[in-house]
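One-letter residues, chain by chain:
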Amino acid sequence: MSTQSLSFVFAAFLTAVVFSFSSCSEDEGGVSASGKASLRISVAGISTGGEESLTRAALEPETVVLTADDGTAVEFTLSIDPASVTRAPTTTDMDPGKKYRIIVYKASDDSFVTEDVFTAGDEGSIMGLEQDTPYKLVAISYNTATAPPVVGSPATTITVDPSYDLLHWVNSNTVTIASGSPSPTVGITFKHRFPKVTVTADASLTGDNITVVPASATLTPGYQGQLTLLTDGAPAATATSVQTLSLGASVGSQTVTGSSRYVFTGSAASVTLTFSGNLTVAALSGPKTLTNPVVTFNSALLSGYKYTLTIRVEASKGDYYSYAGKTGSVYQAEIPISDPNTPYSSKPSLTFLTYNLGADPDMTPKQQMAYPHTDDKNIRVYGGLFQWGRKDVYHALRDPMADVPGSFTTTLYTTSTYNPTSTSQQFVLGDSHTKGWWLSNDVDGSKLWGNGAGVAGQTTSISAGTNNPCPSGYRVPTQHECALIMNENGNSGSYNDTFNATDNGDNTAYSGATWYVPLNNKKLVWVRVSDKKASTSFTSSKMNGYAIYRKADITSNSNPTSVYNTTFAPTVDLTIATHTPLMFLPAAGYRTGNGTVESTGVNGFYWSSTVQGYGACGMTYSSTVVMAFLNHVRAYGRSVRCIAE
């Protein structure tokens with residue numbers, strides 16, 4: 001945010017409440033004959049969260065993607081710290097020893113009366129107040145053992161250091177001290193007045209070090225050296241609007257984190273971050289540099305909440321996400337099935353990983369749907385493109401030709417020359433070979449990715465295969481397993497099985513959007529997604545694919561069409577909507593036998609472990625069809641979505 005002053009105005013027109021005081025001597029809370037009185041002060045605590053309520057949209061991270069000079073995607077994500085969000089208002093104690101200042105004003109003209117510093121945990125009183133005079137009270141604290149600065153008469157402002165967390169309270173009613181009653185105790189519940197922002201630059205996805213980081217960035221609008229007018233509760237900007245965010249001077253590591261700053265953006269609905277210089281990461285394929293990046297977020301920063309701004313350099317060229325990936329319940333999707341055939345009759349669901357092999361496992365299905373399609377070489381959502389039956393990672397990179405010379409070959413491997421653990425295996429150009437294959441002496445690819453025949457009724461145990469590319473405990477799904485989550489019963493002879501209004505379970509086709517309940521697996525709802533919304537078609541510049549939902553999570557209504565129409569209306573942003581998909585299948589395209597990557601954002605192609613002659617089976621889709629396919633040449637590079645063994 002930009003460096004600027006900021007004014008706090010604390011509660012002007014307040015309703016009067018009368019407190020009574022004794023009018024004899026001015027002792028402990030009494031009132032003297034001269035009309036002087038005292039007022040006891042007590043800290044009730046600090047309210048958690050902020051002063052503004054959060055919408056669902058405010059809780060969702062916002063990501064803006066810029067492109068480095070070599071084409072690498074660099075994403076800027078503004079996210080709210082979950083620890084600063086509470087579902088219901090709560091109050092925490094202020095630790096003993098923390099200082100706070102009370103300032104008293106006359107309600108009649110907002111003129112300064114007196115002030116004093118108090119310590120949490122100790123009793124305190126304001127002395128020498130007049131009887132029958134309405135007062136306004138303001139309390140401020142840095143939540144430290146350092147007292148806030150003196151206000152003094154006639155000043156009504158203070159300068160706030162943006163490294164401090166400013167706590168503030170103003171009494172909701174004026175206090176009129178009347179004679180004849182004991183002095184009351186005024187309880188103070190502080191609130192956080194500024195959002196807190198921490199900036200982190202992270203290149204760990206590439207495994208490279210950050211070599212150049214600008215010393216700072218400015219956030220606009222933003223105010224530093226805040227001036228706080230102590231007679232109203234609404235912050236207001238004064239002077240220049242430049243808020244400096246420190247990024248830190250330490251470089252040479254994969255992650256660089258700047259110091260946290262408390263900032264204020266006023267009522268702005270968006271904020272713009274402007275860097276004071278270039279951001280550079282040294283990578284195997286050469287430095288990746290963003291020249292004086294400027295990024296605008298549509299998310300407003302709300303007072304009292306903590307935010308993290310993460311700058312992530314993507315592993316989109318010459319880099320690959322963790323080969324083993326991450327596994328376990330957080331990264332799995334339980335996909336319900338309805339199949340009467342063994343060995344699946346006792347299984348209520350199939351367990352798939354929620355990310356394509358080679359993609360970023362930490363991205364949730366909603367985050368995958370929200371990520372913009374700006375680069376067909378982006379591996380973060382799409383993952384790698386594997387030749388069927390291969391285990392090595394290197395050949396599956398989306399853009400090896402651009403980054404690593406000699407990454408393609410026309411020479412077939414033999415079972416003795418192929419090393420599945422090598423980091424320098426080449427992609428075999430298969431169009432020049434009759435059998436469309438990458439091995440010269442294993443033309444049927446027997447059991448490289450398992451023994452799954454892919455037909456209904458298979459009774460033998462399904463193995464992972466000698467070249468299983470998936471993490472431990474997972475394997476490539478069979479053709480039958482791919483088909484079970486589609487619109488058929490898993491017959492490997494069934495293909496070109498199109499989702500349409502006459503071939504689905506609930507006759508589902510919504511004007512302006514499209515969603516399908518498969519005829520033979522009515523436990524699922526497939527939704528065609530384009531630009532984060534249900535759509536009748538894909539676009540060429542947005543993150544496209546199919547989101548798969550559990551029908552029971554959406555509605556138990558026996559006639560749910562109206563519910564679906566509302567849930568998946570073309571105006572609904574599915575990435576922030578209530579319902580969460582089980583998994584998202586991005587249109588990651590494929591690599592042809594001549595080495596080019598095609599159909600990114602238009603088609604999705606997923607391998608199964610099932611072979612058919614010289615080809616292999618799998619699943620494919622476009623904006624008009626979802627099908628199981630047969631007999632595609634194994635030299636093509638396609639996506640892999642692993643299933644639990």
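Residues numbered from 1 in each chain as written. Predicted model: local features only at pLDDT ≥ 70, side-chain atom pairs only at ≥ 80, totals over all residues. Heavy atoms only, no water.

### Here's the deal with the overall build of the protein chain
Okay, step 1: Per the secondary structure count, the protein chain includes seven helices and 44 strands.
Okay, step 2: The buried share of the protein chain, reckoned over its 645 residues, is 54%.
Okay, step 3: Here the analysis covers contacts within the protein chain between residues at least 6 apart in sequence; of these, 71% occur between residues at least 24 apart.
Okay, step 4: Carbon and sulfur atoms make up 51% of the accessible area of the protein chain, which totals about 24,400 Å². (Helix = DSSP H or I, 4+ residues; strand = E, 2+ residues; numbered from the N terminus. Buried < 20%, exposed > 50% of the residue type's maximum accessible area, 1.4 Å probe, protein only. Contact = heavy atoms within 4.5 Å. Areas by Shrake-Rupley, 256 points an atom, 1.4 Å probe, with all protein chains shown as cover.)

### Some details on unusual backbone geometry
The phi angle of most residues is negative, glycine excepted, and most peptide bonds adopt the trans form.
Okay, step 1: Unusually for a residue other than glycine, D110 sits at a positive phi of about 60°.
Okay, step 2: Looking at the secondary structure, you find D110 in the loop between β7 (99–106) and β8 (112–119).
Okay, step 3: The backbone of S599 shows a phi angle near 70°, a positive value even though the residue is not glycine.
Okay, step 4: For S599, a relative accessible area of 25% puts it in the partly exposed group.

### What about the packing of aromatic side chains?
Okay, step 1: Considering all chains together, one arrives at 21 aromatic pairs under this definition.
Okay, step 2: Clustering of aromatic rings is evident, with ring pairs tying together W388, Y413, Y418, W437, W438 and W449.
Okay, step 3: One Lys or Arg, R591, reaches over the ring of F427 and ends 5.3 Å from the middle of that ring.
Okay, step 4: Across the ring face of W437, the terminal group of R634 is positioned such that the distance to the ring centre comes to 4.7 Å. (Phe/Tyr/Trp six-rings, centres within 6.5 Å; stacked < 30°, edge-to-face > 60°. Lys NZ or Arg CZ within 6 Å of the ring centre and 35° of its normal.)

### With respect to the confidence of the model for the protein chain
Keep in mind that low pLDDT regions are not for reading the predicted coordinates in detail.
Okay, step 1: On average, residues of the protein chain score 75 in pLDDT, and 70% of them reach the 70 mark or higher.
Okay, step 2: Within the protein chain, no element has a lower average pLDDT than strand β1 (residues 3–7), which sits at 31, and none a higher one than strand β37 (residues 583–586), at 96. (pLDDT = per-residue confidence, 0-100.)

### Notes on the pattern of salt bridges
Okay, step 1: Applying the stated rule across the entire model yields eight salt bridges.
Okay, step 2: Between D110 and K136 there is a salt bridge, and its shortest N-O distance comes to 2.5 Å. With D110 in the loop between β7 and β8 and K136 in strand β10 (residues 134–141), this residue pair connects regions lying 26 residues apart in the sequence.
Okay, step 3: Judged by its relative accessible area of 5%, K136 falls in the buried class.
Okay, step 4: D573 is paired through a salt bridge with K532; the nearest N and O atoms lie 3.8 Å apart. Of this pair, D573 sits in the loop between α7 (561–567) and β37 while K532 sits in the loop between β34 (524–530) and β35 (533–534), placing them 41 residues apart in sequence.
Okay, step 5: You can call D573 buried: its relative accessible area is 18%. (Salt bridge = Lys/Arg side-chain N within 4 Å of Asp/Glu carboxyl O.)

### So, the nonpolar core
Okay, step 1: Ranked by size, the top nonpolar core spans 26 residues in total, and within it F76, L273, F297, Y307 and I311 carry the most contacts.
Okay, step 2: Of all elements in the fold, only β5 (73–80), β15 (196–202), β17 (216–220), β22 (271–275), β25 (294–297) and β26 (306–313) reach the threshold of two or more residues within this core.
Okay, step 3: By residue number, the principal contributor to this core is β5, which donates four residues.
Okay, step 4: When residues no more than four places from it in sequence are discounted, the contact partners of F297 are E62, V64, F76, T77, L78, S270, V271 and L309. (Core = buried A, V, L, I, M, F, W, Y, C linked by side-chain atoms within 4.5 Å.)

### Re the state of the cysteines
Okay, step 1: Per the counting criterion, the structure on display carries one disulfide.
Okay, step 2: The residue that forms a disulfide with C470 is C642, at a sulfur-sulfur distance of 2.1 Å. Between C470 and C642 the disulfide shows an S-S torsion of about -90°. By sign, it is left-handed. Linking C470 in the loop between β31 (427–428) and β32 (474–475) with C642 in the loop between β43 (637–638) and β44 (643–644), this pair joins segments that are 172 residues apart in sequence.
Okay, step 3: The class for C470 is buried, based on a relative accessible area of 8%. (Disulfide = S-S within 2.5 Å.)

### Focus on the environment of Q387
Okay, step 1: Within the element layout of this structure, Q387 appears in strand β29 (residues 386–387).
Okay, step 2: Separated by 253 residues in sequence, Q387 and V640 place their C-alpha atoms 9.9 Å apart.
Okay, step 3: Residues contacting Q387, with those up to four places away along its chain left out, are H395, F427, V428, W438, W449, W607, R634, A635, Y636 and G637.
Okay, step 4: A polar contact is formed between the side chain of Q387 and the backbone oxygen of V428, at a distance of 2.8 Å. (Polar contact = N/O pair within 3.5 Å; in protein donor to acceptor, adjacent residues only side chain to side chain.)

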